[in-house]
Amino acid sequence: MNDDLILSVVTGSRAYGLETEASDIDRRGVFVAPTEAFWRLDKPPTHRDGPLPEQFSWEVERFCALALQANPTVLECLWSPLAEVITPAGRRLLDLRGAFLSGRAQETFAGYADAQFRRLDPAAPKWKQAMHMIRLLLSGLHLVRHGEPRVRVGDDRERLLAVKRGEVPWAEVDAWRARLVAELAAADSVLPERPDREAVEGFLIGVRRENL
């Protein structure tokens, strides 16, 4: 594990409660590049793979920018129930997670699910992708209604796994999708209109000062 990580969480099926014996362990993290590295012409990377299999991490500034844009993948990292690394800076980031939220999430979660839907062929759907499309809509609907994404799928586990196994007819999956899309569009959002960029910037400046 890299010593510049401030946060590392397990995501994917194991975080969602959809794992099987064959499931990989997907990890997502946040690392901090030394502040002096930004003074050079060649800037530090905004993200990286590894070193563990199925591990991907963002540099803290890139992570914050994506979270402020209501990127579903990034936001769900902040609510993963399976954290493996949390430094003091990582704890501050988790404590700040509500500052990233805004009404924009209503559009981004729906948009990501719609992009997955458009890539599905009703005649021969990729059932795992169809399952994750539904899961994303469930997560987004919970976020809009309750102020946090629904990472653990809870009571929907068996039905979602049935979708993954191809045991649910496509027409039924599509009807479920359409209903969730309509509910998400019509939901009375509890999210603020805009994220708290000032609080996020204060956190980022503090991290940069600590890494001079």
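Bear in mind the structure is a predicted one, so any value in this text is a computation, not a measurement.

A. Molecular detail of the nonpolar core. Counting residues in each nonpolar core, the largest one holds 60 residues, and the members touching the most others are Ile6, Val60, Leu93 and Phe100. At ten residues, helix 6 (residues 127-146) tops the list of elements feeding residues into this core. The contacts of phenylalanine 100, once residues within four sequence positions are left out, are Cys64, Ala67, Leu68, Leu75, Leu78, Leu93, Pro195 and Val200.

B. Expanded view of the packing of aromatic side chains. Taken as a whole and judged by the stated rule, the model has four aromatic pairs. Ring geometry for phenylalanine 117 and tryptophan 170: centres 6.3 Å apart, planes at 5°, overall stacked. Of this pair, phenylalanine 117 sits in helix 5 (residues 105-118) while tryptophan 170 sits in helix 8 (residues 170-186), and the two are 53 residues apart along the sequence. Owing to a relative accessible area of 23%, phenylalanine 117 belongs among the partly exposed residues under this scheme. Taken together, Phe56, Trp58 and Phe63 form an aromatic cluster joined through their ring pairs. The lysine or arginine in question, arginine 48, covers the ring of phenylalanine 31, its NZ or CZ lying 4.0 Å from the ring centre. Taking NZ or CZ as reference, arginine 177 lies 3.8 Å from the ring centre of phenylalanine 117, over its face.

C. Region of the structure containing the packing of helix 2 (residues 60-68) against helix 9 (residues 197-210). Contact pair helix 2 / helix 9: the axes reach a minimum separation of 11 Å and the direction vectors enclose 175°. It follows that helix 2 is roughly antiparallel to helix 9 by the angle criterion. Seen from helix 2, the contacting residues are Val60, Glu61, Cys64 and Leu68; seen from helix 9, they are Arg197, Val200, Phe203, Leu204, Val207 and Arg208. For the contact of helix 2 with helix 9, the class distribution of residues is seven nonpolar, no polar and three charged.

D. Region of interest: the sheet that holds strand 3 (residues 47-49). With respect to topology, five strands assemble into an open sheet ordered 3-4-2-1-5, the strand pairing being mixed. Sheet topology places strand 3 and strand 5 (83-86) at the edges, where each strand pairs with a single neighbour. Ignoring which end each strand starts from, the neighbouring axes of this sheet average 15° apart. On top of the sheet, helix 2 reaches strand 1 (5-11), strand 2 (26-31) and strand 4 (55-59); it is set at about 90° to strand 4, its chief contact.

E. Structural context of the pattern of salt bridges. All told, the structure shown has 15 salt bridges when counted by the stated rule. Between aspartate 95 and arginine 91 there is a salt bridge whose closest N-O contact spans 3.8 Å. Highlighted residues: aspartate 95 and arginine 91, both in helix 4 (residues 88-95), separated by four residues, approximately one helical turn. Taking the relative accessible area as the measure of exposure, aspartate 95 reaches 57% and is therefore exposed. Residue arginine 91 is classed as partly exposed on the basis of its relative accessible area, which comes to 39%. We note a salt bridge from arginine 194 to glutamate 193, for which the minimum N-O separation is 3.7 Å. Glutamate 193 matches arginine 194 in its accessibility class, with the two residues each being exposed. Three or more residues joined by partner-sharing salt bridges are found here, namely Glu59, Glu61 and Arg208.

F. Examining the environment of proline 195 more closely. Secondary-structure assignment places proline 195 in the loop between helix 8 and helix 9. When sequence neighbours within four positions are dropped, the list of residues in contact with proline 195 reads Leu68, Ala99, Phe100, Leu101 and Ser102.

What counts and how
Residues numbered from 1 in each chain as written. Predicted model: local features only at pLDDT ≥ 70, side-chain atom pairs only at ≥ 80, totals over all residues. Heavy atoms only, no water. Core = buried A, V, L, I, M, F, W, Y, C linked by side-chain atoms within 4.5 Å. Buried < 20%, exposed > 50% of the residue type's maximum accessible area, 1.4 Å probe, protein only. Helix = DSSP H or I, 4+ residues; strand = E, 2+ residues; numbered from the N terminus. Contact = heavy atoms within 4.5 Å. Phe/Tyr/Trp six-rings, centres within 6.5 Å; stacked < 30°, edge-to-face > 60°. Lys NZ or Arg CZ within 6 Å of the ring centre and 35° of its normal. Axes fitted to C-alpha atoms, helices over the stretch in contact; angles between N-to-C directions. Parallel < 35°, antiparallel > 145°, perpendicular 65-115°, else oblique. Nonpolar A, V, L, I, M, F, W, Y, C, P; charged D, E, K, R; others polar. Pairing = 2+ DSSP bridges. Salt bridge = Lys/Arg side-chain N within 4 Å of Asp/Glu carboxyl O.

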